[in-house]
Amino acid sequence: MALTQLPRIERLDLAVLRLPPSHPEAERSGTAPVYGYVIDHPDGAIVVDTGVGSDNEYIDAVYTPEPVGLDGALNAIGIDVADVVAVVNSHLHFDHCGQNPLFYGSGVPCYVQQTELDAVERDQFYTDPVWALAPAGQRRAVDGDMTIAEGVTIVATPGHTNGHQSVAVVSDEGCVVIAGQVVWHADEFVDERATAGNVEAKERRGAAVESIRKLKALRPRAVHFAHCAALHADGEGAELRLRSPDG
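None of these values were measured; they are calculated from a predicted model.

Moving on to the state of the cysteines. This structure, assessed with the given rule, holds 0 disulfides. Here Cys97 is not cross-linked by a disulfide; its sulfur's nearest cysteine counterpart is in Cys110, at 10.0 Å. The exposure class of Cys110 is buried, given its relative accessible area of 4%.

Strands pair in a sheet through their backbones, by hydrogen bonds, and they do so in one of two ways: parallel or antiparallel. Within the open sheet, the 7 strands sit side by side as β8-β9-β10-β11-β12-β13-β14. Their pairing is mixed. Every interior strand has two partners, whereas the edge strands, β8 (146-149) and β14 (241-242), have only one. Taken together, the 5 bridges between strand β9 (residues 152-156) and strand β10 (residues 165-171) define a ladder with antiparallel strand orientation. The residue bridging Val152 from the neighbouring strand is Val169, located in β10.

Given two aromatic rings, their pairing is described by the distance between the two centres and the angle made by the two planes. Across all of its chains, the model carries 2 aromatic pairs by this definition. A ring pair is formed by Tyr63 and Phe94, whose centres lie 4.9 Å apart and whose planes are at 45 degrees; its orientation type is tilted. Of the two residues, Tyr63 sits in helix α1 (residues 57-63) while Phe94 sits in helix α3 (residues 94-97), which places them 31 residues apart along the sequence. Across the pair, exposure class does not vary: Tyr63 and Phe94 are buried alike. Note that Lys216 overlies the ring of Phe189, its terminal NZ or CZ placed 5.7 Å from the centroid.

Bringing the pairing of strand β2 (residues 31-41) into the picture now. With 8 of its 11 residues buried, β2 lies for the most part within the structure. Alignment of strand β1 (residues 8-18) against β2, held across 10 bridges, turns out to be antiparallel. For Asp13, the partnering residue across the bridge sits in β2 and is Tyr35. Judged from the 5 bridges that link them, β2 and strand β3 (residues 44-48) form a sheet pairing that is antiparallel.

The next subject is empty space enclosed by the protein. This model, assessed by the stated rule, comprises 1 cavity of 30 Å³ or more. In this structure, the largest cavity occupies an estimated 40 Å³ of space. Lining of the largest cavity is provided by Asn89, Leu92, Asn100, Cys110, Val112, Leu117, Ala132, Ala134 and Arg139. Within the lining of the largest cavity, the residues separate by chemical class into 6 nonpolar, 2 polar and 1 charged.

Right, let's get into the pattern of salt bridges. This model, assessed by the stated rule, comprises 10 salt bridges. For Asp13, the salt bridge identified is with Arg11, shortest N-O distance 2.9 Å. Look at Asp13 and you get partly exposed, because its relative accessible area is 39%. Across the pair Arg193 and Asp187 runs a salt bridge whose closest N-O atoms are separated by 3.7 Å. A residue is classified by how much of its surface remains accessible, and Arg193, at 34% relative accessible area, is partly exposed.

Here we come to unusual backbone geometry. Phi at Asp55 takes a positive value of approximately 70 degrees, unusual for a residue other than glycine. Topologically, Asp55 is positioned in the loop between β3 and α1. One non-glycine residue, Arg219, lies in positive phi territory at about 50 degrees. Locating Arg219 in the fold gives a position in the loop between α7 (205-216) and β12 (222-224). The exposure class assigned to Arg219 is partly exposed, which follows from its relative accessible area of 43%.

Before going further, it helps to spend a moment on the side chain of Asp95. Residue placement: Asp95 occurs in helix α3. It turns out Asp95 is buried and unbridged, and the closest side chain with the opposite charge, Arg204, is 13 Å from it. A polar atom in the side chain of Asp95 sits 3.5 Å from the side chain of His96. What Asp95 contacts, discounting residues up to four positions off in sequence, is Leu17, Val34, Gly51, Val52 and His227.

A volume near 950 Å³ is recorded for the largest pocket. Lining the largest pocket we find 32 residues, and of these Tyr63, His93, Phe94, Tyr126 and Glu200 sit closest to its centre. Breaking the lining of the largest pocket down by element, the ones donating at least two residues are α1 and α3.

The rules behind the values
- Residues numbered from 1 in each chain as written.
- Predicted model: local features only at pLDDT ≥ 70, side-chain atom pairs only at ≥ 80, totals over all residues.
- Heavy atoms only, no water.
- Disulfide = S-S within 2.5 Å.
- Buried < 20%, exposed > 50% of the residue type's maximum accessible area, 1.4 Å probe, protein only.
- Pairing = 2+ DSSP bridges.
- Helix = DSSP H or I, 4+ residues; strand = E, 2+ residues; numbered from the N terminus.
- Phe/Tyr/Trp six-rings, centres within 6.5 Å; stacked < 30°, edge-to-face > 60°.
- Lys NZ or Arg CZ within 6 Å of the ring centre and 35° of its normal.
- 1 Å grid on protein atoms, 1.4 Å probe; cavity = no way out; pocket = protein on both sides within 12 Å on 5 of 7 lines; lining within 4 Å.
- Points joined across faces, edges and corners; volume = space filled by probe spheres on them.
- Nonpolar A, V, L, I, M, F, W, Y, C, P; charged D, E, K, R; others polar.
- Salt bridge = Lys/Arg side-chain N within 4 Å of Asp/Glu carboxyl O.
- Lys, Arg positive; Asp, Glu negative; His and termini not counted.
- Polar contact = N/O pair within 3.5 Å; in protein donor to acceptor, adjacent residues only side chain to side chain.
- Contact = heavy atoms within 4.5 Å.

So, to be careful, I would describe these as geometric facts and stop short of saying anything about function.
In structure tokens form, the structure reads like this:
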């Protein structure tokens, strides 16, 4: 049975990063917000991206993160960590998986594309592996699209990384997409642009544009991102319009 109503979806303000001069977005903005999201699903809360962790000397020195505890962010909107039944990481860069260890040992499954797991194993500088790699019994390696709960589907959206994924929440009321870092700025999604700042590898930019179009084809009522404001649309999502982060 499909969901009749869209569940509550809340943005979690999980960190602010200071962008080093080498970051492609540093000139446009010296800092960047880090957003996670929680789907208050009838079967239990589903967290999408967990923000930045602690005690990584390199990340602390380069990005000077100001993290917010995921448990506190959830409690502030009436959700206990014990209510969480699944974690989805859009990808395994440090600012998207940093508080995964909060759930390690709990049995909560952590969904990520196998391609991302391979990247962590292959490249010691890809991320913080302690944050990124859930215990084997909790790790759920995804290959493409996968439905993980009624009305909740992981959607493979390669571009920013080869294994990037988004989440679509679908009900009789329509669709909402949590797009992670499909783009850095919302206007890139509207214009269907894969920028050098968000997709460093030129060979992945075509796939990145196709991923944007794949999400747009779902005709979402709203699209949420990891580092910028949400997009929203009235009606059936024919025209997506920019909305400020707090508006």
